[in-house]
Amino acid sequence: MTTSESTDALPRRTGLVVIVALVPLVLDLVTKQIALTHFTADEPVRVLGGLLRFSLVTNAGAAFSIGEGATWLFSLVKFAVICGMLWFSLRIRSRIWAVTFGLIMGGAAGNLVDRVFRAPAPLEGRVVDWIQLPNWPVFNVADMAVVCGGALVVWASFRGINMDGTVESSGSTEPARTD
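Residues numbered from 1 in each chain as written. Predicted model: local features only at pLDDT ≥ 70, side-chain atom pairs only at ≥ 80, totals over all residues. Heavy atoms only, no water.

A word on the pattern of salt bridges. One pass over the full model with this rule turns up three salt bridges. Here Asp28 and Lys32 are joined by a salt bridge, their closest N and O atoms 2.7 Å apart. Of this pair, Asp28 and Lys32 are both found in helix α2 (residues 14-38), four residues apart, which corresponds to roughly one turn of the helix. In this pair, the class of Asp28 matches that of Lys32, namely buried. Arg118 serves as the salt-bridge partner of Asp114, at 2.8 Å between the closest nitrogen and oxygen. Overall, Arg118 belongs to the partly exposed group, its relative accessible area being 24%. One salt-bridge network, held together by shared partners, links Asp28, Lys32, Asp114 and Arg118. (Salt bridge = Lys/Arg side-chain N within 4 Å of Asp/Glu carboxyl O. Helix = DSSP H or I, 4+ residues; strand = E, 2+ residues; numbered from the N terminus. Buried < 20%, exposed > 50% of the residue type's maximum accessible area, 1.4 Å probe, protein only.)

Put into structure tokens, the structure is as follows:
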């Protein structure tokens, strides 16, 4: 069986990508609404002996508030990334890559919703952040999804797992099939 035949036998994982993307997106939207209702920047809520704080912050820039004047650009880039990942997801036959794409797309979509629909204007909205660890910037569920997806990219890449469901093996010229 050729590599092409073995990967064609694996189902596409586009549905899994979409389902996984919806989980962090919905969690992000719900938790941001809870944060807006119950937390403030002035009075953070300390939990776990102060290890974790819930403090409401809005961010006009990217990570670490970089580029606050280019919010519209971040919005367009996120939209392009989500569209590109949706297009590439049509080729995914590996579960791990489907989960990876889903997490990154769901996280990007969560923050894009803020950019598009929150004040001060469409494509210039501020992202709602509310979770803080010591010595770390305030973040949200969407940010966690993107970071976890990025970690899975690194893990799958080091393991030699390809998006088409094959695994690169150092002793073989043909990748082994996996799903």
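Here we take up the environment of Met85. Relative to the helices and strands, Met85 is located in helix α3 (residues 71-89). Separated by 68 residues in sequence, Met85 and Val17 have C-alpha atoms that sit 9.6 Å apart.

Summed over the entire model, instances satisfying the criterion amount to five aromatic pairs. Three or more aromatic residues joined by ring pairs form one cluster here, namely Phe39, Phe54 and Trp130. The residue whose ring lies beneath Arg91 is Trp87, and the NZ or CZ to ring-centre distance is 4.0 Å. (Phe/Tyr/Trp six-rings, centres within 6.5 Å; stacked < 30°, edge-to-face > 60°. Lys NZ or Arg CZ within 6 Å of the ring centre and 35° of its normal.)

Two elements in contact, α3 and helix α4 (residues 95-117), have axes whose closest approach is 9 Å; the angle formed by their N-to-C orientations is 150°. Comparing their axes, α4 and α3 come out roughly antiparallel. Helix-helix and strand crossings are classified by hand; for α3 and α4 the assignment is left-handed. Along its contact with α3, which presents Thr71, Phe74, Ser75, Lys78, Phe79, Ile82, Met85, Leu86, Phe88 and Ser89, the element α4 presents Phe101, Ile104, Met105, Ala108, Ala109, Asn111, Leu112 and Arg115. For the contact of α3 with α4, the per-class residue count stands at twelve nonpolar, four polar and two charged. (Axes fitted to C-alpha atoms, helices over the stretch in contact; angles between N-to-C directions. Parallel < 35°, antiparallel > 145°, perpendicular 65-115°, else oblique. Left-handed = near helix turned anticlockwise from the far one by under 90°. Contact = heavy atoms within 4.5 Å. Nonpolar A, V, L, I, M, F, W, Y, C, P; charged D, E, K, R; others polar.)

Turning next to a nonpolar patch on the surface. A grouping of Val18, Leu22, Val26, Val30, Ile34 and Leu86 is seen on the molecular surface, where their side chains present a nonpolar patch of about 470 Å² in accessible area. Among the elements that take part in the nonpolar patch, α2 stands out by supplying five residues, more than any other. (Patch = residues over 30% accessible without salt bridge, like charges linked within 9 Å, V, L, I, M, F, W, Y side chains within 5 Å. Areas by Shrake-Rupley, 256 points an atom, 1.4 Å probe, with all protein chains shown as cover.)

It is worth spelling out the environment of Thr166 at this point. Within the fold, Thr166 resides in strand β4 (residues 166-167). Taking the C-alpha atoms as reference points, Thr166 and Ser94, separated by 72 residues in sequence, lie 7.8 Å from one another. At 2.6 Å, the side chain of Thr166 forms a polar contact with the side chain of Asp164. (Polar contact = N/O pair within 3.5 Å; in protein donor to acceptor, adjacent residues only side chain to side chain.)

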